[in-house]
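So the chains spell out like this:
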There are 2 protein chains.
Amino acid sequence: MPFAPLKNDTFLRACWRQATDHTPVWLMRQAGRYLPEYVATRAKAGSFMGLATNTDYATEVTLQPLERYPLDAAILFSDILTVPDAMGLGLSFEAGEGPRFARPVRDEASIGALAVPDMDKLRYVFDAVASIRRALDGRVPLIGFSGSPWTLACYMVEGAGSSDYRQVKTLLYSRPDLMHRLLAVNADSVAAYLNAQIDAGAQAVMVFDSWGGVLADGAFQEFSLAYTARVLSQLKREGADGRPVPRIVFTKGGGLWLQDMRALDCEVLGLDWTVNLGKARSLVGEGPDGKALQGNIDPNVLFAQPAQIEAEVAKVLQSFGRPHADHATSGPTHIFNLGHGISQFTPPDHVAALVAAVHAQSRALRA
Amino acid sequence: MPFAPLKNDTFLRACWRQATDHTPVWLMRQAGRYLPEYVATRAKAGSFMGLATNTDYATEVTLQPLERYPLDAAILFSDILTVPDAMGLGLSFEAGEGPRFARPVRDEASIGALAVPDMDKLRYVFDAVASIRRALDGRVPLIGFSGSPWTLACYMVEGAGSSDYRQVKTLLYSRPDLMHRLLAVNADSVAAYLNAQIDAGAQAVMVFDSWGGVLADGAFQEFSLAYTARVLSQLKREGADGRPVPRIVFTKGGGLWLQDMRALDCEVLGLDWTVNLGKARSLVGEGPDGKALQGNIDPNVLFAQPAQIEAEVAKVLQSFGRPHADHATSGPTHIFNLGHGISQFTPPDHVAALVAAVHAQSRALRA
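Overview of the structure. (Residues numbered from 1 in each chain as written. Chains lettered and ligands numbered in written order. Predicted model: local features only at pLDDT ≥ 70, side-chain atom pairs only at ≥ 80, totals over all residues.)

## Topic: the relation of the copies chain B and chain A
Alright, step 1. When chain B is fitted to chain A, the residual RMSD is 0.0 Å, and the transformation amounts to a turn of 180° plus an axial shift of 0.0 Å. As the rotation angle and translation indicate, the two copies are arranged about a two-fold axis. Residue L256 of chain B of chain B places its C-alpha closer to the rotation axis than any other residue of that unit, at 3.1 Å.
Alright, step 2. The share of interface residues of chain B whose copies in chain A are also at the interface is 100%, consistent with both copies meeting through the same surface. (Least-squares fit on C-alpha atoms with pLDDT ≥ 70 in both. Contact = placed C-beta atoms within 7 Å.)

## Observations concerning the interface of chain B and chain A
Alright, step 1. Counting from both sides, the interface comprises 28 residues of chain B and, opposite them, 28 residues of chain A.
Alright, step 2. Looking at the side of chain B that touches chain A, the elements that each hand over two or more residues are α9 (166–174) and α14 (306–320) of chain B.
Alright, step 3. Counting residues per element, the side of chain B that touches chain A draws most heavily on α9 of chain B, at 5 residues.
Alright, step 4. Along the lines of polarity and charge, the residues of the side of chain B that touches chain A split into 10 nonpolar, 11 polar and 7 charged. (Helix = DSSP H or I, 4+ residues; strand = E, 2+ residues; numbered from the N terminus. Nonpolar A, V, L, I, M, F, W, Y, C, P; charged D, E, K, R; others polar.)

## Remarks on α14 of chain B
Residues and elements named next belong to chain B.
Alright, step 1. In a regular helix each residue adds 1.5 Å, so 15 residues correspond to 21 Å; α14 covers 21 Å between its end C-alpha atoms and thus fits that length.
Alright, step 2. Turning to α14, its buried residues are I309, E312, V313, V316, L317 and F320. With its buried residues spanning 140° around the axis, α14 presents them on a single face.
Alright, step 3. Phi turns positive, to about 90°, at G321, one or two residues after α14. (Expected span 1.5 Å × (residues − 1). Buried ≥ 20, exposed ≤ 12 C-beta atoms within 10 Å, placed from the backbone. Arc of directions from axis to C-beta.)

## Structural notes on unusual backbone geometry
A negative phi angle is the norm for most residues apart from glycine, just as the trans form is the norm for most peptide bonds.
Alright, step 1. Here G295 of chain A and N296 of chain A are connected by a cis peptide whose omega angle stands at -5°.
Alright, step 2. With phi around 60°, R17 of chain A is a residue other than glycine that occupies positive phi space.

## Things to note about the environment of D120 of chain B
Alright, step 1. Tracing the backbone shows D120 of chain B in the loop between α6 (108–112) and α7 (123–136).
Alright, step 2. Between the alpha carbons of D120 of chain B and P70 of chain B there is a distance of 34 Å; along the sequence they are 50 residues apart.

## A few points about the nonpolar core
Soluble globular proteins: nonpolar side chains tend toward being buried together.
Alright, step 1. Among the nonpolar cores identified, the biggest contains 243 residues, and L76, I143 and A202 of chain A together with L76, I143 and A202 of chain B are the most heavily contacted of them.
Alright, step 2. Setting aside chain neighbours within four positions, we find A202 of chain B in contact with L76, V129, L142, I143, G144, Q197 and V245 of chain B. (Core = buried A, V, L, I, M, F, W, Y, C linked by C-beta atoms within 7 Å.)

## Some remarks on the sheet that holds strand β4 (residues 142–147) of chain A
Strand-to-strand pairing in sheets goes through backbone hydrogen bonds, with the strands running parallel or antiparallel.
Residues and elements named next belong to chain A.
Alright, step 1. The 7 strands lie next to each other as β1-β4-β5-β6-β7-β8-β9, forming an open sheet whose pairing is parallel. The two strands at the open ends of the sheet, each matched to only one other strand, are β1 (74–75) and β9 (334–338).
Alright, step 2. When strand β5 (residues 204–209) meets strand β6 (residues 247–251), the two strands line up parallel, connected through 5 bridges. Looking at β6, one finds that D209 is bridged to T251. (Pairing = 2+ DSSP bridges.)

Written out as structure tokens, the structure reads:
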């Protein structure tokens, strides 16, 4: 049974650098702990992975923010560590501690044993994509996602979150051959994973290079960017319905390497709040091979009062400037988002103020 | 009694963008836990602040790395939080936890009560500066330092280290008036603190803006850079001996704002490892008002083997390129350093390999 036709294609149009009547907006981690209804569903599920692996729960929480706010896109509810978990590293979430792998990989034997996982082990993700797409009923597009090869490698080598990336960088600097082998397996795994999400119904896909920004200049290009490019080169260009699927790459802390990212075979670059959107637009947003830009308000703005949130939204929109407005051609476009995931402490009514401000102000900006 | 004349002025010459026969090198946090002799002295002192507040111990640990390595500068052993401690916030170091303030400032009353502290409360720092300068006996120059107004504010508002800077950014976005008042007090305090270090014998001073990089574009310029500039405008230009005192500003994660920093009234800009030194040189290192550049190897390189360390040193030196070599004029110069503080887990003999590689390779680069 085909999926319902799309009623709001503003986000997809902006991905393709086509004119829209407002700036589309969605929020990284928009289905999350700041919403009491999410907390309630998670309590029913018993745990984070209980939530992510249950199709009905994953569908329910993905749609929760759309019930509250007129967001222009939905994003699959899942975790970035599902792929290494399927490789057999043993993912768990200790209460209050973040993710942990029982079997981190740090030596030749454990890295040599890694392989692209059987995608059947990730069936729960693809089932969730199809279920969410049906539940959306064409309301807005659904974004699928994965961690980048480098970001997955950080967790796989460290075994958990890290403040100094000592283990993964020790491997990188002392055994670059092993690091390349690990990243190649990750890239091919991520590509298969995103392709299966596309087959299941994802209408756009996003690669989260959350830890690319911890790398040194030179190392970033060799150990992160090259493997993101390897993922992109393997991605399907069309979904099961024959529609083209835009690809978004977000490197947290990657603002210094925007010119390098211009060469990526993707449509959209995500930016964090340290980047000036106007400068980014002139570096990578103009010209026939320009990228759409996504971002980049500081999530901490949401702790201020609505009037102040509106003023900060105005700064971000004005920093990008007037988006492309000619419906016959393509040109610079902006997708509004946070520069990183939303905080669990965010007051939900402040999110409403932000979304309303983006829609109202971006219409006025075009007038 | 005047201090002994300086035997090795390579570091100071490079600060002033004068030609040198090798690239000077020192390491952020070079007196620290990776050295067994430091651990032994700290054990005698009983605690970190016991070490920092005792003139003899502070002198002893400052000189320890110079006994092992032919470093081109010494840096005062102290903590960046001495100034807010002197303001009465109650600094303590819990074992394994990092610094904590008993009385963080988050509201109008507590911020309104802040004032530039009596410099007599920081006498132990100035005594240490004079003692270290005497103990150095002219071997290499002594660098004094302070946290930047914004970086101090992060700790003062959060009350401890933070992963999301939620409290300090909530204050910034919701009560920018209070944030400006706090930063003004911090800037005037830091200026008085650095001036007293200069009077006591510091031959260069460095402002550590360790958390400037967490700010959004726009907020960085308004809440960090402007107050670093306020510090610089108040600094003494000469030490007690009549010699000019160069000023270094290091913003971790500030690579995107180098062009803004060019306008700072300082001689040297510190860079972290995400910055390409060649690009930084062309942005801010050339021309009569150019800055000397300091940095920027990833401290994690020190976990690789000596041959690999040497190869990474070569990349950093070559990225900067050939330094200015004409003894009659000034021009682009490079001071080798890490892009952040050295890790406590660093093997001491790897530091020896790094320092030797910088000296040997940078001589060859000039030949």
